[in-house]
Amino acid sequence: MTGNYWDNYRLLYPAADIDPSTGTWDTAYVVNVSGINIDNHPWVYPSGYIDTIPPQVTVLFPNGGETLYGEITIQWTATDDQTMDLDGSILLEYSADNGVSWNTIAAQLNNTGSYLWNTSLVSDGSLYLIAVTAIDEFYNVGTDRSDAVFIINNFAMETPEITGPFQGGNGIPFSFTAVAYHPGGEQIYYIWDWGMVTSVNGMVRTTPVCQ
Amino acid sequence: MTITNIWANDGVYDVRVKARYSGGSESNWSTVHPMVVAEQINFSNVKLGTIYFKLFNFNRSFIFSDFLARLGMVFIFTTHEMELQGYATDVVKKVDFLAENQLKIETGQFTDDDGSDGFSCVLNVTRGAYILNITAYDANGTLVDKYSLFTVFFIRIGRYATGLGGEGRLQRLQDIPPLRD
């Protein structure tokens with residue numbers, strides 16, 4: 001589709017009205033108090049106008065060679081000669097096999113230039129690429145991908161072990177220790193679950209050693 | 001990392017932990033570390049709400065009073081010294097006995113770290129109202145449990161009540177009237 005047919009405009013401007021006196025289509029727009037027309041598309045493009053220039057997209061990060069883990073911020077720039085902001089048209093994809101296959105990270109994003117991606121949701125690998133795609137109003141597609149592969153390594157985390165007492169009285173402070181290790185030296189937080197009472201017996205007691 | 005937790009109620013608790021990187025990834029939950037929260041130590045021969053009569057060889061008589069129990073009191077009428085016994089679970093390896101006179105006149109203290117024949121002690125105190133504490137430790141010296149009786153009237157009768165035998169903190173030896181010939 002080139003965007004040069006009324007059907008295309010109808011798709012782009014579902015709220016547009018036809019002006020019977022001129023035979024042209026117009027979109028509803030608003031003039032704000034300063035008198036500035038804030039409708040980005042006050043008039044459809046002239047009949048026969050065709051934009052063939054795709055958006056210019058550049059992947060900024062990750063652009064190749066990085067070793068990443070956890071949440072990262074994908075960064076890009078995307079501009080177009082006609083479409084003003086490209087909002088709602090950004091598609092983010094990743095490839096774990098150097099571009100052979102692609103998977104969607106997010107679609108129809110606004111052109112904010114950044115997106116937080118949790119790499120722990122994908123498997124570790126060394127052939128990752130990121131692709132960013134933008135589509136303008138004439139359905140020209142501009143895309144860019146990482147210049148080279150990057151590595152995702154979330155360091156399969158060892159399950160920590162608990163050391164501490166196994167029995168004691170209520171109201172007494174008891175110390176428990178857990179140790180985990182991160183090869184990248186990243187800060188580690190521990191989440192403790194102190195358990196629910198699985199059995200209550202008022203005077204739960206192990207074998208007494210004396211009277 | 002080491003963290004401390006206190007359980008307010010008895011029961012069996014399944015403790016577990018998992019690690020989380022600042023990057024967001026998490027480990028699996030650890031294997032469950034069962035924690036039994038229950039009484040580990042108590043007095044076996046001094047019970048709340050009880051009046052004991054430990055006179056000469058008749059030292060097994062007692063009366064229980066629910067009223068006294070509600071008041072948190074214990075009475076011990078005895079011709080003996082203060083004999084305390086505790087029962088403990090097998091995790092307990094050392095027990096501290098402490099008798100504090102409520103008027104701060106004297107304190108009796110004893111540590112029993114040999115539980116092979118049970119935990120017990122004889123405290124050389126005179127008479128009055130005492131706070132009795134029993135504290136249990138495991139093999140590493142870590143506090144395991146403790147228990148207190150806050151109002152124990154220890155009433156020592158007979159000639160021993162005067163504190164003969166070097167225990168006279170309330171009455172000097174020369175104040176004791178001589179025995180008749």
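J.: Mind showing me how you'd approach the interface of chain B and chain A here?
T.: A common way to state how big an interface is: give the accessible area lost once the parts meet. Listed by partner, the interface residues are 54 residues for chain B and 55 residues for chain A. Counting each side, the surface lost to burial between chain B and chain A is near 5,200 Å², with a carbon and sulfur contribution of 59%. When the buried surface of chain B facing chain A is broken down by residue, B:Met1, B:Tyr21 and B:His33 rank first, second and third, together holding 14% of it. For the pair chain B and chain A, the number of links is one salt bridge. One salt bridge in this structure joins A:Asp193 and B:Arg16, with 2.8 Å as the shortest N-O distance. Between chain B and chain A we count 19 residue pairs in polar contact (both at pLDDT 80 or more) in total. When residues of the side of chain B that touches chain A are assigned to their parent elements, the largest contribution, 11 residues, is made by strand E2 (residues 11-21) of chain B. Across six bridges, strand E15 (residues 188-193) of chain A lies against E2(B) in antiparallel orientation. Looking across to E2(B), one finds that A:Ile191 is bridged to B:Lys18.

J.: Can you help me understand the confidence of the model for chain B in this one?
T.: All names here are of chain B. For chain B, the mean per-residue pLDDT works out to 85, and 86% of the residues sit at or above 70. In this model, residues 162-174 is a region of pLDDT below 50 whose contacts with residues beyond four sequence positions or in other chains number 20 contacts. With pTM at 0.56, the complex prediction returns an ipTM value of 0.79.

J.: Before we go on, may I ask you to explain the sheet that holds strand E13 (residues 167-168) of chain A in this structure?
T.: Taken in spatial order, the four strands line up as E13(A)-E3(B)-E2(B)-E15(A) in an open sheet, and their pairing is mixed. Of all the strands in the sheet, just E13 and E15 of chain A have a single pairing partner and so form its edges. In terms of strand pairing, E2(B) meets strand E3 (residues 33-37) of chain B through five bridges, oriented antiparallel. Of the residues in E3(B), the one forming a bridge with B:Gly11 is B:Val37.

J.: Got a minute to help me understand the sheet that holds strand E11 (residues 119-123) of chain B in this structure?
T.: Strand pairing in a sheet is mediated by backbone hydrogen bonds. Such pairs are either parallel or antiparallel. Residues and elements named next belong to chain B. Strand order in the open sheet formed by three strands is E4-E8-E11, and the pairing between neighbours is antiparallel. For this open sheet the edge positions go to strand E4 (41-43) and E11, each flanked by a neighbour on one side alone. This sheet shows a mean twist of 25 degrees between the axes of neighbouring strands, independent of strand direction. Of the pairings in the sheet, the one linking strand E8 (residues 82-88) to E11 comprises five bridges and is antiparallel in character. Following the sheet pairing, glycine 86 is matched in E11 by phenylalanine 119.

J.: Which parts of the structure should I look at to understand the side chain of B:Asn5?
T.: Of note, B:Asn5 is situated in strand E1 (residues 2-6). With residues up to four places along the chain from it excluded, the contact list for B:Asn5 reads A:Ile172, A:Pro173, A:Phe174 and A:Trp194.

J.: Help me understand unusual backbone geometry, please; the structure alone is not making it clear to me.
T.: Note on backbone geometry: most residues besides glycine have negative phi, and most peptide bonds are trans. All names here are of chain A. The peptide bond linking phenylalanine 61 to proline 62 adopts the cis configuration, its omega dihedral lying at -5 degrees. Within the secondary structure layout, proline 62 lies in the loop between strand E3 (56-61) and strand E4 (67-68). Of note, leucine 86 is a non-glycine position whose phi angle comes to about 60 degrees, a positive value. Note on placement: leucine 86 falls in the loop between strand E5 (71-79) and strand E6 (90-95). With phi around 60 degrees, tyrosine 139 is a residue other than glycine that occupies positive phi space. Of note, tyrosine 139 is situated in the loop between strand E9 (125-135) and strand E10 (141-145). With a relative accessible area of 33%, tyrosine 139 lands in the partly exposed category.

Conventions we followed
Residues numbered from 1 in each chain as written. Chains lettered and ligands numbered in written order. Predicted model: local features only at pLDDT ≥ 70, side-chain atom pairs only at ≥ 80, totals over all residues. Heavy atoms only, no water. Contact = heavy atoms within 4.5 Å. Buried area = accessible area lost by both parts, 1.4 Å probe. Salt bridge = Lys/Arg side-chain N within 4 Å of Asp/Glu carboxyl O. Polar contact = N/O pair within 3.5 Å; in protein donor to acceptor, adjacent residues only side chain to side chain. Helix = DSSP H or I, 4+ residues; strand = E, 2+ residues; numbered from the N terminus. Pairing = 2+ DSSP bridges. pLDDT = per-residue confidence, 0-100. Axes fitted to C-alpha atoms, helices over the stretch in contact; angles between N-to-C directions. Buried < 20%, exposed > 50% of the residue type's maximum accessible area, 1.4 Å probe, protein only.

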